[in-house]
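# Structure assessment
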Amino acid sequence: MNGFNLSEWALRHRSFVWYLMLAIVAAGALSYTRLGRQEDPSFTIKSMIVSASWPGATVEEMTNQVTDRIERKLQELGALDFTRSYTTAGQTTVYVNLKDDTPSRDIRDIWVQVRNKVNDIKSDFPANVQGPFFNDQFGDVFGNIYALTADGLSFRQLRDYAEQARAQILKLPSAGKVELLGVQDEVVHLNFSTRHIAGLGIDQQAVLTSLQQQNAVAPSGIVQAGPETVSLRVSGRFTSVESLRAVNIRVNDRFFRLTDVATITRGYVDPPQPMFRFNGQPAIGIAIGMKADSNLIQFGKDLRLHMTGVVADLPIGVGVHLVSNQPAVVEEAIGGFTRALFEAVAIVLVVSFLSLGLRAGLVVAIAIPLVLAATFVFMAYSGIILQRISLGALIIALGLLVDDAMISVEMMVARREAGDSLERSATFAYSSTAFPMLTGTLVTVAGFVPIGLNGSSAGEYTFTLFAVIAAALLISWAVAVLFAPLLGVALLPRTATSEKERPSRLKARFQPLVLLAMRWRWLTVALTLVLFALSFVGLGYVQNQFFPAADRPELLVDMTLLQSSSIAQTKIEMDRLEKTLVGDPDIVRWSSYVGQGAVRFYLPLDEQLANPFFGQVVIVTRDFDARQRLAARLKKLLREEFVGIDGFVHPLDLGPPVGRPIQYRLSGPDIQTVRGLALKLAEIVGSNAHVGGIVYDWNEPSMVLRIDVDQNRARQLGVSSQDIATMLNNVVGGSAITQMYDSIYLINIVARADRAERVSIETFQALQLAGRDGQPVPLPAIATVQYQIEQPIVWRRDRQPTITLQAAMVGDLQPATVVHQLKPAVEKFMANLPADYSIAVGGTVEESGKGERPIAEVVPLMLFLMATVLMIQLQSFQKLFLVVSVAPLGLIGVVAALLLTGQPLGFVAILGVLALIGIIIRNTVILVTQIDAFHAEGLAPWNAVVESTLHRTRPILLTAAAASLGMIPIAREVFWGPMAFAMIGGIVVATLLTLLFLPALYVAWYRIKEPA
């Protein structure tokens, strides 16, 4: 690089450059302390929920009149990927799922569009439809959860203390959303006997109307009394159960006490709302979120201190238990990653000192903290926090960022051995290698471009890998050409030492191999191509993976009963399961949710819908091994003791949530046909020995009682279908007729039948209604009651009824491997499907495809950027071919490493393999440039190739050793292991090929003969 010499400028302005180094270190240290901390990077949940209710509507009516209208309107969204709806009698829930590559910055505006579009069709809904309602905060994370249990206190008293604690927690500056879990609303029940009411000839609705009128909140006026205003207040509203019991009712000119016709009790909603328990005890949970851009670890410390004061204010008998402590998990995870980072730094330093010597190694050693400090400054100003991906990126970058510094120092040492002064050696390194180093750096950065431009959720999750590595590599080039020369002048000896003997020994040992490869050039090329072909064969034996399971100690147990099951039955089964957990030495604690899934205490959690037939237990085990032991025991227990119940034991996931790993979706226009085909498909999928128990998201018909009303007879007796429906609803479930106010709570007053009548189907045969003039009318006189079968739940995808077959894995195979094994049989089944019916693969295979597809789309851009940068440097198509030829050969090492270690080729490993292309080309471009330089100095072509290879042997081996050995600390991580092993294998093999295959190919391509 001719013209302005940055290294020479640095030597002329030494004091200023020293000042810059000190300032960067100070700024980096300060930035590091201020960086936020999380366990995993944030990513956007690109889903929104639209819900509506239509009390009294059947599933079919709800689907056709509400669900379909919403889905049809949502199809107008340009960013829509698919809609997924869940319809029950009187209720619909529609998931709006955006395309995976939708930019996160556009999500908020799209949710506004969803609201506007759905609200535009509100007038098209049937009368009495409630909603639509929207939830676009689906991804809120509650990292801290506390459980409050009571000993000797009522649940209402416990809720009072929970509300008190919630108010105190919200005072924390960094506290975000705080929700209470497992709360049971209080209710005042008016239990009527339908027979008694009918026998007295009383119209129950008239009684309820009278109560509503007395309890109404209505303006009573303001008196303008001269200079003052005086408000008027009318008494009569209910304030307690006693005030209700004292009510006298007048119906049909008859007076009687309310207690004469109804039993009045104060209790809790029945059936219960979703319940929360801690270690098997009923509890109220306090789920605490954190405001965006806050430091999670600092928030955890502030919260612990704050909770100490909250607990001190609670009475004896209220227990406060820690359920989820995300700050502690993050602190431990960040500590582990930081230790791995320091281990990697130590490994790279050892490589530097052993290979370069004390003084030259010291130059590289000082360059590392300079680059890291500047990278921390970049992270602080770009909003990148310390988490799994960014810290892993720093560790990966370590082995790469010392490359430029090593090249500069190596060149200075070589020029000193040639007799140049220290200053001349320092400036020569810039003029001879700065541009090739920059080319290599830019090519390496280009190798990570598919990560940076991947717009999928998986790409968003791993984006900081690109950002941190790109910044570190570019900064490392600046440090190598600006600071390393000054450090070299200050630290390297003024006179050449015997250190040059060490490279001579290396050259003497390596030269015969180089000459052998060059002399037998075609054999070398052929053997390399054979190995490359074998690597493709071996790649077929490497399993594919999306993201691995997390190594956290939590274990989740999902329990799904028959979809017609009540929440009471779910609680009974959950109680059975939790009794088996008591006293287990592998368990630290557990929390359970009845009627819903766990709140999102961990961003990638696959959050479940609230359903009375569903329950979930979150178990915190002692360690990873304990988790594995407990999982095996629970799977056996569920299989043997909970027959007929779907039990799914699984750890937390890494990356975007997926659910059960193996999934097939079967869609079609007719529900019954879809159900029948799903059963046949299940037989095919279940035939694979590696597929666990197959479950359906819906496929269970339930029993309903149909009341067929003789409308003519009903009109004669003064009874309508609405009267019958209202009476039936009052009997079995009850309806809120008015409300009572108690402190901050609204307490519904619910009228319903006595329990004996409420839970007995025979009640309907003897049910009497109030007809014209209050005369009792038996229900059998105007209607017939008969049983029918009905589908209680219908799932749809893109407006088509869709049943999803889901299954867990058995054994060590990856889901992609099992799906590949099933592919021929499934495709044969698909070929025989009726028209308009289809099957799609879901689960991890589908999500992996979504993550990898954007990568494949960006690879051409990556190759274009690499080729452009290389052409600027090389100015030759032939040399471009030679430089690029080694890059794909790194696959030999990748496949060998993955097969030897048994690691799968996961999403992150694929990113590492793509980045490997740039890392390999970095060395080859410098070698080819060196050959040109020696040839220009007058060496014969053969000698120029030999001398360039020997000249670059030590720096190439050093950088390869630093890059590969530096990844050893993360190779033991579940998340980074596959990528680390793939890159280590690829770097090692590619390094050998750069030093042996490339010289052989070079002399073969240019037909260079060895001199006599």
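Each chain has its residues counted from 1, running along the sequence as written. Given that the model is predicted, a residue must reach a pLDDT of at least 70 before its local features are reported, and side-chain atom pairs must reach 80 or more before they are shown or counted; all residues, however, enter totals for whole chains, interfaces and linings. Side-chain measures here rest on the full set of heavy atoms in the structure, leaving out hydrogens and waters.

Each helix and strand in the protein chain was counted, giving 33 helices and 30 strands. Expressed as lengths along the three principal axes of its C-alpha atoms, the size of the protein chain is roughly 125 × 80 × 55 Å. Buried, partly exposed and exposed residues are distinguished by accessible area as a fraction of the type maximum, computed with a 1.4 Å probe on protein chains only: under 20%, between the cut-offs, and over 50%, respectively. The buried share of the protein chain, reckoned over its 1012 residues, is 54%. For this analysis, residues touch if any pair of their heavy atoms sits within 4.5 Å. Pairs at least 24 residues apart make up 81% of the contacts formed inside the protein chain by residues separated by at least 6 positions. Put simply, the protein chain shows about 43500 Å² of open surface, and 56% of that area lies on carbon and sulfur atoms. In this tally, Lys and Arg are treated as positive and Asp and Glu as negative; His is ignored, and so are the chain termini. Working definition for charges: the position is that of NZ of Lys, CZ of Arg, CG of Asp or CD of Glu. Computed over 84 positive and 86 negative side-chain charges, the inter-centroid distance for the protein chain is 5 Å. The numbering of helices and of strands both runs from the N terminus, where a helix is a DSSP run of H or I of at least 4 residues and a strand a run of E of at least 2. Values of accessible area rely on a 1.4 Å probe in the Shrake-Rupley scheme; residue burial ignores everything except the protein chains shown.

Here, a salt bridge means any side-chain nitrogen of Lys or Arg that lies within 4 Å of a carboxyl oxygen of Asp or Glu. As enumerated under the stated definition, the model contains 33 salt bridges in all. With a shortest N-O distance of 2.7 Å, Glu554 and Arg552 are connected by a salt bridge. The closest approach of N and O atoms between Lys571 and Asp575, which form a salt bridge, is 3.2 Å. Residue Lys571 and its partner Asp575 are both found in helix α19 (residues 567–579); the two are separated by 4 residues, about one turn of the helix. Given the relative accessible area of 31%, Lys571 is considered partly exposed. Among the residues examined, Asp575 registers a relative accessible area of 23% and is labelled partly exposed.

Tracing the backbone through its elements, the reader meets Arg359 in helix α11 (residues 358–382). Looking at Arg359, the relative accessible area reads 43%, which means it is partly exposed. Along the primary structure Arg359 and Met62 are separated by 297 residues, whereas in three dimensions their C-alpha atoms are 78 Å apart. Setting aside residues no more than four positions away along its own chain, Arg359 makes contact with Leu491, Leu492 and Pro493.

To continue, consider the packing of helix α29 (residues 890–901) against helix α33 (residues 977–1005). As a packed pair, α29 and α33 sit with axes 7 Å apart at the nearest point and diverge in direction by 135°. Judged by the angle between their axes, α29 and α33 are oblique. In this structure, α29 crosses over α33, and the sense of that crossing is right-handed. Counted together, Gly890, Ile892, Gly893, Val894, Ala897, Leu898 and Thr901 of α29 and Pro978, Phe981, Ala982, Gly985, Gly986, Val989, Ala990 and Leu993 of α33 form the full contact between these two elements. Residue classes in the contact of α29 with α33 are distributed as 10 nonpolar, 5 polar and no charged. Only the stretch in contact is used when a helix axis is fitted, and all axes are lines through C-alpha atoms; the angle between N-to-C directions ranges over 0 to 180 degrees. Any angle that falls under 35 degrees is termed roughly parallel, while one over 145 is termed roughly antiparallel, one within 65 to 115 roughly perpendicular, and all others oblique. We call a crossing left-handed when the near helix sits turned anticlockwise from the far one by less than a right angle, and right-handed when that turn is clockwise. Asp, Glu, Lys and Arg are counted as charged, while Ala, Val, Leu, Ile, Met, Phe, Trp, Tyr, Cys and Pro are counted as nonpolar; the rest, among them Gly, fall into the polar class.

Leu465, Ile619, Leu634 and Trp976 are the most contacted members of the largest nonpolar core, which totals 257 residues. If you tally residues by element for this core, the top one is helix α12 (residues 388–417), at 18 residues. Setting aside chain neighbours within four positions, we find Leu634 in contact with Leu555, Val557, Leu577, Leu581, Ile619 and Val649. What is meant by a nonpolar core is a set of buried Ala, Val, Leu, Ile, Met, Phe, Trp, Tyr and Cys residues, joined one to another through side-chain atoms within 4.5 Å.

Turning our eyes to something else, we now look at the packing of aromatic side chains. Aromatic ring pairs are defined here through the distance separating the ring centres and the angle between the ring planes. Working definition: rings of Phe, Tyr and Trp (its six-membered ring) pair if their centres are within 6.5 Å, and the pair is stacked with planes under 30 degrees apart, edge-to-face with planes over 60 apart, and tilted otherwise. Overall, the coordinates contain 11 aromatic pairs when judged by the stated rule. Aromatic pair Phe463 and Phe466: ring centres 6.2 Å apart, planes at 55°, arrangement tilted. One end of the pair, Phe463, and the other, Phe466, are both in helix α15 (residues 457–482), 3 residues apart, so they sit about a helical turn from each other. For Phe463, a relative accessible area of 34% puts it in the partly exposed group. With 4.9 Å between their ring centres and 50° between their planes, Tyr1002 and Tyr1006 make a pair best called tilted.

Our next topic: the packing of α11 against helix α16 (residues 484–491). Running from N to C, α11 and α16 cross one another at 145°; their axes reach a closest spacing of 9 Å. Note on packing geometry: the crossing formed by α11 with α16 is right-handed. Across from Arg359, Leu362, Val363, Ile366 and Leu370 in α11, the residues of α16 making contact are Ala484, Leu487, Gly488 and Leu491. Of the residues that constitute the contact of α11 with α16, the class distribution is 7 nonpolar, 1 polar and 1 charged.

Take the sheet that holds strand β24 (residues 745–753) next. Only strands joined by at least two bridges in the DSSP assignment are considered to pair. On the basis of which strands lie adjacent, the open sheet formed by 4 strands has the order β12-β7-β24-β23 and mixed pairing. The strands lining the two open edges of the sheet, one partner per strand, are β12 (262–268) and β23 (735–742). Adjacent strand axes in the sheet meet at a mean angle of 25°, parallel and antiparallel pairs treated alike. Of the pairings in the sheet, the one linking strand β7 (residues 186–192) to β12 comprises 7 bridges and is antiparallel in character. Across the sheet, Asn191 pairs through a bridge with Thr263, a residue of β12.

Attention now moves to the side chain of Thr444. Relative to the assigned elements, Thr444 resides in helix α13 (residues 422–447). Of note is the side chain of Thr444, whose polar atom sits 2.7 Å from the backbone oxygen of Gly440. In contact with Thr444, other than residues within four places in its own chain, are Leu400, Leu473, Gly918, Ile919 and Arg922. Polar contacts, as used here, are pairs of N or O atoms within 3.5 Å; protein pairs need one atom able to donate a hydrogen and one able to accept it. Residues neighboring in sequence count only if both atoms are side-chain atoms.

Moving on: the environment of Leu487. Mapped onto the elements of the fold, Leu487 is located in helix α16. Owing to a relative accessible area of 2%, Leu487 belongs among the buried residues under this scheme. The spatial distance from the C-alpha of Leu487 to the C-alpha of Ser210 is 92 Å, given a sequence separation of 277 residues. With sequence-adjacent residues up to four places away left out, Leu487 is seen in contact with Trp18, Met21, Val363, Ile366, Leu370 and Leu492.

Cis geometry marks the peptide bond from Gly131 to Pro132; its omega dihedral reads 5°. Tracing the chain through its elements places Pro132 in strand β4 (residues 130–135). With an omega of 5°, the peptide bond running from Asp270 to Pro271 counts as cis. Here Pro271 is to be found in the loop between β12 and β13 (275–278). Here the phi dihedral of Asn128 falls at roughly 75°; this positive angle occurs in a residue that is not glycine. On the secondary structure map, Asn128 appears in the loop between α4 (104–120) and β4.

Quick look at a nonpolar patch on the surface now. Patch construction takes residues with relative accessible area above 30% that form no salt bridge. Like charges are linked within 9 Å, and nonpolar side chains (Val, Leu, Ile, Met, Phe, Trp, Tyr) are linked within 5 Å. Taken together, the side chains of Leu453, Leu861, Phe864 and Leu865 make up a nonpolar region of the molecular surface, amounting to roughly 350 Å² of accessible area. Relative to the helices and strands, Phe864 resides in helix α27 (residues 843–874).

Before going further, it helps to spend a moment on the environment of Ala756. Tracing the chain through its elements places Ala756 in helix α24 (residues 755–758). Expressed as a C-alpha distance, the spacing of Ala756 and Gly893, which sit 137 residues apart in the sequence, is 74 Å.

Turning our eyes to something else, we now look at the confidence of the model for the protein chain. Chain-level statistics for the protein chain give a pLDDT mean of 83 and a share of 96% at 70 or above. Per-residue confidence from the prediction method is given by pLDDT, with values spanning 0 to 100. Within the model, the stretch residues 498–503 combines pLDDT values under 50 with 10 contacts to residues more than four positions away or in other chains.

Tracing the backbone shows His951 in helix α31 (residues 941–965). Excluding its chain neighbours within four sequence positions, the residues that come into contact with His951 are Met411, Ala414, Gln930 and Phe934.

The seven residues ending at a residue and the seven starting there each receive a fitted axis; the angle between those axes is the bend at that residue. Residue Thr67 marks the point of greatest curvature in helix α3 (residues 59–74), where the axis turns by about 35°. Among the residues making up α3, those that are buried are Val59, Met62, Thr63, Val66, Thr67, Asp68, Ile70, Glu71, Lys73 and Leu74. Those residues of α3 hidden inside the fold are in contact with β1 (47–53), β2 (80–88), β3 (91–98), α4, β27 (783–790) and β28 (793–797).

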